[in-house]
Amino acid sequence: MPRHHPHTTPADAAEAEAVQLRLRRRVRLDDSGPAPGAPGTVVGVDVAYDDGRGIVAAAAVALDAVTLAVVEEATAVGRVTFPYVPGLLAFRELPAVLDALDRLRHTPGLVVCDGYGIAHPRRFGLASHLGVLTGLPAIGVAKNPFVFRHEPPAPHRGAHTPLLDGTEEVGRALRTRDGVKPVFVSPGHRTTCASACAHTLHLTGAYRLPETTRRADRLCREALRAA
DNA sequence: GCGACAG
DNA sequence: ATCTTGTCGC
């Protein structure tokens, strides 16, 4: 049975924003998480929707942090409980994602989310929210820019430019493939911009998106079709 | 007031 | 996110 999640299923947008303002103080931006490439497991999470049926499917895929081989997969299906509102994505995705994570037997060394961490209107995007609720190190790797402007990075893999909140760097536009549109990386919890980018580079090579995200994306779509 | 707007 | 064919390029 679905548990009562006061921190993930508010009644409306105003309540959701209040939750973010309350929880964001728990975000920690340090390097207490694993170093990129260090032994352990890195977990990718993603979600797919079927608007017609009003259901959502989430996937959590654990990869060996060194070899990037898949070591475990878990999924969860449920009903959609919150609409998509820019800035409140976590309230739509987290319930199913947390269920999928709960079904994983491996303890994630790092969780890679689709979306943002602290590069968010209230400095509390999906990756930060997930990190704070689980206590796990988490980063956000988004496919599109959100609230912060950026200069285009140099064309080679590894080039990056900052996403600035005033003078503070809250994320980076990072090129993961030569000549290909960059991804937008930001720390979620227990990591930094530099580490989040190093992790992202470690998880990419042949494709623009991290292997974690690609596997989770494929798996949640399968789970949705099978539901 | 008018757009822009992670997934 | 999701709806969707062909097409340009390595």
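Naming follows an unreviewed UniProt entry, where chain A appears as Endonuclease V of Streptomyces johnsoniae. Under the UniProt heading Function (unreviewed entry), the entry covering chain A gives this text: "DNA repair enzyme involved in the repair of deaminated bases. Selectively cleaves double-stranded DNA at the second phosphodiester bond 3' to a deoxyinosine leaving behind the intact lesion on the nicked DNA." Here is the UniProt Cofactor (unreviewed entry) comment for chain A, exactly as written: "Mg(2+)".

## A closer look at the overall build of chain A
Assigned secondary structure in chain A consists of five helices and eight strands. Over its C-alpha atoms chain A spans a radius of gyration of 16 Å, differing by no more than 12% from the 17 Å that the globule rule assigns to 227 residues. Projected onto the principal axes, the alpha-carbon positions of chain A cover approximately 45 × 40 × 35 Å. Scored against the burial criterion, the 227 residues of chain A give a buried share of 50%. Partitioning the intrachain contacts of chain A with sequence separation of at least 6 by distance along the chain shows that 65% fall at a separation of at least 24. Surface accessibility of chain A: about 10300 Å² in total, with carbon and sulfur atoms responsible for 52%. Looking at charge distribution, chain A has the averaged site of its 27 positive side-chain charges lying 1 Å from that of its 23 negative ones.

## Things to note about the packing of aromatic side chains
Throughout the structure, instances matching the rule amount to two aromatic pairs. A cation sits over an aromatic face here: R92 above Y49, 4.0 Å from the ring centre. Sitting over the ring of Y207, R214 keeps its end group 3.5 Å from the ring centre.

## Focus: the sheet that holds strand β5 (residues 138-142)
Spatially, the eight strands line up as an open sheet ordered β3-β2-β1-β4-β5-β8-β7-β6, and their pairing is mixed. Two strands lie at the open edges of the sheet, namely β3 (70-79) and β6 (160-165), each paired on one side alone. Across the sheet, the mean angle separating the axes of adjacent strands is 25° when strand polarity is ignored. Contacts between helix α4 (residues 193-202) and the sheet are confined to β4 (110-114), β5, β7 (168-174) and β8 (183-189), with β7 contributing the most and set at about 15° to the helix.

Cut-offs applied
- Residues numbered from 1 in each chain as written.
- Chains lettered and ligands numbered in written order.
- Predicted model: local features only at pLDDT ≥ 70, side-chain atom pairs only at ≥ 80, totals over all residues.
- Heavy atoms only, no water.
- UniProt positions renumbered as here; feature names shortened; annotations may be inferred.
- Helix = DSSP H or I, 4+ residues; strand = E, 2+ residues; numbered from the N terminus.
- Rg over C-alpha atoms; globule rule 2.2 N^0.38 Å.
- Buried < 20%, exposed > 50% of the residue type's maximum accessible area, 1.4 Å probe, protein only.
- Contact = heavy atoms within 4.5 Å.
- Areas by Shrake-Rupley, 256 points an atom, 1.4 Å probe, with all protein chains shown as cover.
- Lys, Arg positive; Asp, Glu negative; His and termini not counted.
- Charge placed at Lys NZ, Arg CZ, Asp CG, Glu CD.
- Phe/Tyr/Trp six-rings, centres within 6.5 Å; stacked < 30°, edge-to-face > 60°.
- Lys NZ or Arg CZ within 6 Å of the ring centre and 35° of its normal.
- Pairing = 2+ DSSP bridges.
- Axes fitted to C-alpha atoms, helices over the stretch in contact; angles between N-to-C directions.

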